[in-house]
Amino acid sequence: MSLRVTDLRVEIGGRAVVDGISFEVPDGARVGLIGESGSGKSLTALAILGLLPDGARATGSVRWKDREILGLPDRDLARLRGDDIGMVFQEPRTALNPLHTVGRQIGESVRIHERVSRREALRRAVAEAGRVALPDPERIVSRYPHQLSGGQRQRVAIAMALACRPRLLIADEPTTALDVTIQAGVLSLLRELVQDAGMSLVFITHDLAVLAQVATHAVVLEQGRVVEQGAVGELLRAPSSPVTQALLRDATATLWHPERSHPSVSDAGAAAVDGPAATRESDRAPDGPAAEADDTAPPPAPEGPADSETERTS
């Protein structure tokens, strides 16, 4: 068992915002945490990684590979993050440092966790950029976040999370800020990377149509509690809780066909994307017109003074 969460509670100001959540993520499994805003899904992920905000307190048990990690010292948790568990945050614009090139940011975790040279970290950054299907990886690693499209920034965030080959990836609503067409490509990429590496995935979302594309098992949350969990296909066929039924109604892009083994999700007028199917070539392409414009832009200026100064002191 990769991850086992038991009776997890998170309190903020004496109020339980996560109230006794339990679920398991076996090796190689793709599990979704789904619920409306305020259901506790993101706080659950932050508690697992020891990244709760000041004033929040977590109790219960979080075991990773049979080791209790809830309450570990920050130094031990920092070693765990990146090496064993990677995280993709919801908004790459805020997750990325605007003063540093994306290549430096992808390679940073490699330098920290594997103690490689700057040259080797850059080589790895180029390789990771290619792995997440960023166009012209050798050039794009010299660019800054503001020079990339939204879909490209999210691919950079995925590359950062996977650079040290973690065994578990936690993705917190990684496509919420993207339009539907770009979203389909990023979801397809995530599914392919997780499957190819044999890693486990915890995918957080409020959208059942999105969850159906990447996860095989779902844990449905409401007000910090688990109200239903099971195979995604079963929840789509016969949701038992009112919360899941409402999520299914809200997933207006979902076109469910009982004769299929998996749901298909309409991408706003384009051809449907089958959940577990192999990645289509169109999904591997750069992210639409914005990405094409970026690809034809002149090479960026050399790294600025802030970046260079940081390099000298790192």
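Residues numbered from 1 in each chain as written. Predicted model: local features only at pLDDT ≥ 70, side-chain atom pairs only at ≥ 80, totals over all residues. Heavy atoms only, no water.

Some thoughts on the confidence of the model for the protein chain
So, point 1. On average, residues of the protein chain score 82 in pLDDT, and 80% of them reach the 70 mark or higher.
So, point 2. In this model residues 253–314 is a low-confidence stretch, pLDDT under 50, and it forms 102 contacts with partners more than four residues away in sequence or in other chains. (pLDDT = per-residue confidence, 0-100. Contact = heavy atoms within 4.5 Å.)

Thoughts on the layout of surface pockets
So, point 1. Roughly 550 Å³ of internal volume is contained in the largest pocket.
So, point 2. Counting only elements with at least two residues in the lining of the largest pocket, the list comes to α2 (74–83), β6 (85–88), α4 (102–114) and α7 (150–162).
So, point 3. The class makeup of the residues in the lining of the largest pocket is 15 nonpolar, five polar and two charged. (1 Å grid on protein atoms, 1.4 Å probe; cavity = no way out; pocket = protein on both sides within 12 Å on 5 of 7 lines; lining within 4 Å. Points joined across faces, edges and corners; volume = space filled by probe spheres on them. Helix = DSSP H or I, 4+ residues; strand = E, 2+ residues; numbered from the N terminus. Nonpolar A, V, L, I, M, F, W, Y, C, P; charged D, E, K, R; others polar.)

Regarding the pattern of salt bridges
So, point 1. As enumerated under the stated definition, the model contains 15 salt bridges in all.
So, point 2. Of the charged contacts, one joins E11 and R9 as a salt bridge, the two residues approaching to 3.2 Å between their closest N and O atoms.
So, point 3. Among the salt bridges present, the one from R237 reaches E234, with a minimum N-O distance of 3.2 Å. Linking R237 with E234, this pair stays in helix α10 (residues 232–237), spanning three residues, or about one helical turn.
So, point 4. With a relative accessible area of 40%, R237 lands in the partly exposed category.
So, point 5. On the basis of relative accessibility, which here comes to 46%, the residue E234 falls in the partly exposed class.
So, point 6. Counted as one network, the salt bridges with shared partners bring together R9, E11, D19, R57 and R225. (Salt bridge = Lys/Arg side-chain N within 4 Å of Asp/Glu carboxyl O. Buried < 20%, exposed > 50% of the residue type's maximum accessible area, 1.4 Å probe, protein only.)

Focus on the packing of aromatic side chains
Each pair of aromatic rings is reported with the distance of its centres and the angle of its planes.
So, point 1. Applying the stated rule across the entire model yields zero aromatic pairs.
So, point 2. Over the aromatic face of W64 sits the side chain of K65, whose NZ or CZ is 5.5 Å from the ring centroid. (Phe/Tyr/Trp six-rings, centres within 6.5 Å; stacked < 30°, edge-to-face > 60°. Lys NZ or Arg CZ within 6 Å of the ring centre and 35° of its normal.)

Observations concerning the sheet that holds strand β2 (residues 15–25)
So, point 1. Taking strand neighbours across the sheet as the criterion, the four strands line up as β2-β1-β4-β5 in an open arrangement whose pairing is antiparallel. Every interior strand has two partners, whereas the edge strands, β2 and β5 (67–68), have only one. (Pairing = 2+ DSSP bridges.)

Describing the pairing of strand β3 (residues 30–34)
So, point 1. Counting buried residues in β3 gives five out of five residues, a clear majority hidden from the surface.
So, point 2. Neither face of β3 is exposed, since R30, G32 and I34 on one face and V31 and L33 on the opposite face are all buried.
So, point 3. Alignment of β3 against strand β8 (residues 200–205), held across five bridges, turns out to be parallel. Counted as the bridge partner of L33 is I204 from β8.
So, point 4. As defined by bridge partners, β3 adjoins strand β9 (residues 217–222) across four bridges and the pair is classed as parallel. Across the sheet, the residue bridging to V31 is H217, located in β9.

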